[in-house]
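Descriptive structure summary
So you can see what is in the structure, the chains are spelled out below.
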Amino acid sequence: MTNVRDILTKYWGYTSFKPMQEEIINSVLNGKDTVALLPTGGGKSLCFQVPALAMEGICIVVSPLVALMGDQVNALKERGIKALKLTGGISFDELNTLLDNALYGNYKFLYLSPERLQQEIVQNYIKQMNVNLIAVDEAHCISQWGNDFRPAYKNITLLREIHPLIPVIALTATATPEVLEDTISELKMELPAVFKNSFVRENLSYQVFKEEDKLYKAEQLLKTNKGSAIVYVRNRKSTIEISEQLNSLGISATFFHGGISAKEKAQKLQSWRSGTFSTMVATNAFGMGIDHPNVRFVIHLQIPESLESYFQEAGRAGRDGDFATAVLLYNEYDKIYVKQQFVESLPSTSELKKIYRTLNNYFQIPYGEGEFTKHNFGFSEFCKKYNLNTLLAYNALNSLDRLAIIQLSQEFGRKSIVQFLISSEEVLQYFEKDLTASVIGKTILRIYGGIFEMPTSVNLDLIVSKTGQSIETVIAVLRKMERDQVVEMMLQITDATLTFLVPREDDKTINVISREVEALNRKKIAQVNSVLSYIENTKTCRSVQLVSYFGEKIARKCGICSVCRTQNSKLSNREMQHLATKILALLEGGDLSSREISEKLTFAETDILKMLRLLMDADKLKINPKNQYYLN
Ligand code: ADP
């Protein structure tokens, strides 16, 4: 075993560990099941990567997101460490080769999605591997009490069964005490050593403002912003609208939501990271795995559904350690809306029973049957046919999915995942023999540039309109290409596919889960109430409110949140300097009154006035007859 500090320096060039990293690494090296609870940016990856490098064998890493896996594997490869990943869309032959490599090729890391663990071939290979550590990234996804519940995470216990003596390390940044306990028990961890670093973010100023014109306030804030920003909004449509509005106000913005293709997401992420666009307007789909250090502002134009999500989303600001601001803007209507959206539309047991029965009737499932049958499912058509409240129906279906009564795959629009299995030269040769395939295939290649690299979500309607062919022809051509092993694809021509996981027994089916449904509903209501209390509590430091929600008993007032600022206008030296720089930078753009300056900054008005006086005393500023300040 090599010294862990040597490993840190050799591969990463760092000379010291971040808080808790060394303790966590030593715990793993001592063979203990370990939980690493570090805030975003706390350096979780190294907590399993360093010990895995210190031991013989291979580390299996379960991770929820393909993009996250890709980033980590690439980062390891760049450091000369052998790592590979099993993502979706790889052909069976390829899977075999990759697993062979993992087994015989001296690889140190094998990343996979939890779904992969279901495959027998994957299990068989892992059985033969000399596994040194099982790392579970975003471990809270195993808990149905958390917001990111992923049923497939339950497969992780299979790894435990295959290698019972190998330690497990669970890593997460979100854990209320309840979710943490559940995560530990679901992962079947044996008396784990739990390491938790404080969730206090000293450089992050949490601010909450009641604003009638939220966009105006956001505009004022963003205009002072020198780094990147994220603006979280309610839904997909708003991402587009708000991003357009910001652009027309002179703020370079783009948008991101769950409905855009993987390729487009990658492009947008890249152009935001590189600074082409300063502001990303997004739904909460813009989340896990976004590792961008230079975010100065995270602005919520909506009330988030839980403090867990809020803390994570706000926490994307200031990962570089420099001063950053997380602003939540709301008005009275938002408070009503969040209740309507998340509380009043929670399906009760009797509503679930009704929707479940309706669903079975819709698909004409006979009593006692239907188990493991898969159906194409048009959600809006279903709601229209039975005159259902769409939000309630949507939540009911999601609950049924969560509780493993049905399984929903959501792929809105006529989208299909396509991956090319042969090289671009071979594809072009193939096209020479088939004119229709050539027209359709080349159009796909033209629109989706990176399709040779990864499975890509292809919008069939777009192909129809670009080629002038009918949808039937487009599908037939893709099917033929699939038979000829040119592409592999998952065709989805309706909103979603729905699989019934249990036989139909109407009320009885739902009675079994009714306690869980009610517990989940109570939990949801409590979460929304916690957010509303957070907003309304203007007495307790915002940082103290947040970290005590996450179980931290002793927390100091941060001094920089909107509550502390109003209560205590004495700013730290660093804060004063920051404020002075901001004011001077603003005035470079022209003369401004104190009110205009206040509107553009997130500091308390008293502090701004005080600073203006100081700057005048220091002869840096002057005031004109219109009571506007200007640079001396
Ligand atoms: P998390 O997953 O906890 O959000 P990461 O593992 O992505 O955090 O690490 C955040 C950043 O901190 C990365 O850029 C990483 O390289 C860096 N980092 C991790 N450990 C150290 C260390 N000991 N010294 C300096 N930087 C580190």
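Everything numeric here is computed off the predicted structure, so don't read it as measured data. (Residues numbered from 1 in each chain as written. Predicted model: local features only at pLDDT ≥ 70, side-chain atom pairs only at ≥ 80, totals over all residues. Heavy atoms only, no water.)

A few points about the nonpolar core
Heads up, the condition is: Among the buried residues, those of types Ala, Val, Leu, Ile, Met, Phe, Trp, Tyr and Cys that are joined through side-chain atoms within 4.5 Å form a nonpolar core. Any residue under 20% of the maximum accessible area for its type is buried, any over 50% is exposed, and the rest in between are partly exposed; the area is computed with a 1.4 Å probe on protein chains only. An automatic or database domain assignment supplies the start and end points of every domain.
Counting 80 residues, the largest nonpolar core has Met129, Tyr206 and Phe286 as the members making the most contacts within it. Counting the residues that make up this core, at least three belong to each of domain 1 (4-196) and domain 2 (204-330 + 537-556). Of all hydrophobic cores here, the second largest spans 34 residues; its members include Val4, Phe17, Val61 and Phe109.

Comments concerning the sheet that holds strand S3 (residues 83-86)
The line we're drawing: Strands were regarded as paired on the criterion that DSSP finds at least two bridges between them. For the purposes of this entry, the term helix denotes a DSSP run of H or I that reaches at least four residues, the term strand denotes a run of E that reaches at least two, and both are numbered from the N terminus. Lines fitted to the C-alpha atoms define the axes, with helices restricted to the stretch that makes contact. Angles between their N-to-C directions range from 0 to 180 degrees. Residues count as neighbours in contact if any of their non-hydrogen atoms are within 4.5 Å of one another.
A sheet is described by the order of its strands in space; here 7 strands give the open sequence S3-S4-S2-S5-S6-S1-S7, paired in parallel fashion. Strand pairing shows two members of the sheet lacking a second neighbour, S3 and strand S7 (193-196), which therefore form its edges. Here the average twist between neighbouring strands, direction ignored, is 15°. Both strand S1 (residues 34-37) and strand S6 (residues 168-172) contribute to a ladder of 4 bridges, which runs parallel. Each bridged residue has a counterpart across the sheet, and for Thr34 the counterpart in S6 is Ile169. With respect to the sheet, helix H5 (residues 92-104) is in contact with strand S2 (58-62), S3 and strand S4 (109-112), its orientation differing from that of S3 by roughly 145°.

Concerning the pattern of salt bridges
Using the following cut-off: Any carboxyl oxygen of Asp or Glu within 4 Å of a side-chain nitrogen of Lys or Arg constitutes a salt bridge here.
Within the structure shown, the criterion is met by 20 salt bridges. Here Asp334 ties to Lys214 by a salt bridge, and the two come within 2.7 Å at their closest N and O atoms. Residue Asp334 is located in helix H13 (residues 332-344), and its partner Lys214 is located in helix H9 (residues 214-223); the two are separated by 120 residues in the primary sequence. An identical accessibility class is assigned to Asp334 and Lys214; each is buried. Salt-bridge contacts for Lys524 lead to Glu305; the nearest nitrogen and oxygen are separated by 2.6 Å. Here the residue Lys524 occupies a position in helix H21 (residues 507-536), and Glu305 occupies one in the loop between strand S12 (295-300) and helix H12 (307-314), the gap between them amounting to 219 residues. We classify Lys524 as buried; its relative accessible area is 15%.

As for the site of the ligand
Heads up, the rule is: Here a residue is near a molecule or strand as soon as one of its heavy atoms is found within 4 Å of it. Within 3.5 Å is the distance limit for a polar contact, defined as a pair of N or O atoms, with the added protein rule that one can donate a hydrogen and the other accept it, and that residues adjacent in sequence qualify only through two side-chain atoms. Using a 1.4 Å probe, accessible areas were evaluated by the Shrake-Rupley method; residue-level cover was limited to the displayed protein chains. Ten residues, namely Ala, Val, Leu, Ile, Met, Phe, Trp, Tyr, Cys and Pro, are considered nonpolar, four, namely Asp, Glu, Lys and Arg, are considered charged, and the remaining ones, Gly among them, are considered polar.
Residues in close proximity to the ligand total 15 residues, the closest being Tyr14, Ser16, Gly41, Lys44 and Ser45. Interatomic distance of 3.1 Å between a backbone N/O atom of Gly43 and an oxygen atom of the ligand. Here the ligand has 560 Å² of accessible area as a free molecule, and 74% of this is covered by the chains. In terms of residue class, the shell around the ligand is made up of 4 nonpolar, 7 polar and 4 charged.

A closer look at the packing of aromatic side chains
Put simply, the rule is: A pair of Phe, Tyr and Trp rings is counted when the ring centres sit within 6.5 Å of each other, with Trp represented by its six-membered ring. The angle between the planes then sorts it: under 30 degrees is stacked, over 60 is edge-to-face, the rest tilted.
Summed over all chains, the structure comprises 18 aromatic pairs. Note on Phe199 and Phe311: the rings are 5.6 Å apart at their centroids and 25° apart in plane angle, and the pair reads as stacked. Linking Phe199 in the loop between S7 and strand S8 (204-210) with Phe311 in helix H12, this pair joins segments that are 112 residues apart in sequence. Taking relative accessible area as the criterion, Phe199 reaches 0% and is therefore assigned buried.

A look at the sheet that holds strand S9 (residues 228-232)
Taken in spatial order, the 6 strands make up an open sheet running S8-S13-S12-S9-S11-S10, and their pairing is parallel. The open sheet has two edge strands, S8 and strand S10 (253-256), and neither has a second partner. Each neighbouring strand pair of the sheet contributes to a mean axis angle of 20°, computed without reference to strand direction. Across 5 bridges, the pairing between S9 and S12 is parallel. By the bridge assignment for S12, Ile230 is matched with Val298. Together, S8, S9, strand S11 (279-282), S12 and strand S13 (324-330) form the strand contacts of H9, whose direction differs from that of S13 by roughly 170°. Each of S9, S10 and S11 is contacted by helix H10 (residues 236-248), which is oriented at about 175° to S10, the strand it contacts most.

So, the domain arrangement of the protein chain
Interfaces are frequently sized by the accessible area removed from exposure as the parts join. Counted only if it meets this: Buried area: the accessible area, evaluated with a 1.4 Å probe, that two parts lose upon being put together, summed over both parts.
As far as domains go, the protein chain holds domain 1 (4-196), domain 2 (204-330 + 537-556), domain 3 (339-412 + 496-526), domain 4 (416-490) and domain 5 (569-631). The gap between the C-alpha centroids of domain 2 and domain 5 is 25 Å. Summing both sides of the interface, domain 2 and domain 5 together bury roughly 910 Å²; the carbon and sulfur share of this comes to 47%. The largest share of the area that domain 2 buries against domain 5 comes from Gln220, Thr224 and Phe323, three residues that together contribute 54% of it.

Some points on H12
The buried fraction of H12 is high, at 8 of 8 residues. Within the span of H12, buried status applies to Leu307, Glu308, Ser309, Tyr310, Phe311, Gln312, Glu313 and Ala314. Taken together, the buried residues of H12 touch S8, S9, S12, S13, H21 and helix H22 (542-549).

A closer look at the pairing of S11
Side chains Thr279 and Val281 of S11 all project onto a buried face; the interleaved residues Met280 and Ala282 project onto the opposite face, where all are buried too. As judged from the 4 bridges shared by S9 and S11, these two strands associate in the parallel manner. Looking at the pairing, Tyr232 lines up with Ala282 of S11. Pairing analysis gives 4 bridges linking S10 to S11, with the strands arranged parallel.

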